[in-house]
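# Structure at a glance
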Amino acid sequence: MSTNTLSKEAETRLMNFFNNKIDPKGMAKALRQVNYVMALGIMRENETLQQEVTRLESSFYWLN
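Residues numbered from 1 in each chain as written. Predicted model: local features only at pLDDT ≥ 70, side-chain atom pairs only at ≥ 80, totals over all residues. Heavy atoms only, no water.

## Observations concerning the overall build of the chain
- Counting its secondary structure elements, the chain contains 3 helices and 0 strands.
- Across the 64 residues that make up the chain, the buried fraction comes to 9%.
- Summed over its atoms, the accessible surface of the chain is roughly 6000 Å², and 57% of this surface lies on carbon and sulfur atoms. (Helix = DSSP H or I, 4+ residues; strand = E, 2+ residues; numbered from the N terminus. Buried < 20%, exposed > 50% of the residue type's maximum accessible area, 1.4 Å probe, protein only. Areas by Shrake-Rupley, 256 points an atom, 1.4 Å probe, with all protein chains shown as cover.)

Dropping the structure here:
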């Protein structure tokens, strides 16, 4: 397993972003949205019965 270290500039920019640019609720919402879109894409690619896909999509939305 390799470990990549960030440059001081990258670390400073990340700290600035999380401390000043986005609030925790906004970040949590963005993460949930990305998770939702990725999960839907994966469900649509797999061979699932079409009638189940609609039910899964609806269920996944409410879980998030």
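## Some details on the pattern of salt bridges
- Going through the model one piece at a time under the given rule, you end up with 1 salt bridge.
- Ionic pairing is found between R13 and E9, a salt bridge with its closest N-O pair at 2.9 Å. Placement of the pair is R13 and E9 together in helix 1 (residues 8-21), with a separation of 4 residues, close to one helical turn.
- Since its relative accessible area comes to 58%, R13 is described here as exposed. (Salt bridge = Lys/Arg side-chain N within 4 Å of Asp/Glu carboxyl O.)

## Description of helix 1
- End to end, helix 1 covers 19 Å across 14 residues, agreeing with the expected 20 Å (1.5 Å per residue, within 8%).
- Burial analysis of helix 1 places just 0 of its 14 residues in the buried class, which makes it a mostly uncovered element. (Expected span 1.5 Å × (residues − 1).)

## What about a nonpolar patch on the surface?
- Residues L6, L14, F17 and F18 make up a contiguous nonpolar surface patch of about 370 Å² in total accessible area.
- Mapped onto the fold, F18 is located in helix 1.
- For F18, a relative accessible area of 42% corresponds to the partly exposed category. (Patch = residues over 30% accessible without salt bridge, like charges linked within 9 Å, V, L, I, M, F, W, Y side chains within 5 Å.)

## Considering the packing of aromatic side chains
- In this structure the tally under the stated criterion is 1 aromatic pair.
- With centroids separated by 5.1 Å and ring planes inclined at 80°, the aromatic side chains of F17 and F18 adopt a geometry described as edge-to-face. (Phe/Tyr/Trp six-rings, centres within 6.5 Å; stacked < 30°, edge-to-face > 60°.)

## A look at helix 2 (residues 24-45)
- Here helix 2 is 22 residues long and its end C-alpha atoms lie 32 Å apart, about the 32 Å a rise of 1.5 Å per residue gives.
- Taken residue by residue, helix 2 has A39, L40 and M43 as its buried positions. Along the axis of helix 2, the buried residues cluster in a sector spanning 100°; they form a single face. In this structure, helix 2 carries L31, V37, M38, I42 and E45 as exposed residues pointing more than 90 degrees from its buried face. (Arc of directions from axis to C-beta.)

## Some details on the confidence of the model for the chain
- Of the residues in the chain, 75% have a pLDDT of 70 or more, and the chain-wide mean is 78.
- Mean pLDDT per element in the chain: helix 3 (residues 50-63) is the minimum at 69, and helix 1 is the maximum at 89. (pLDDT = per-residue confidence, 0-100.)

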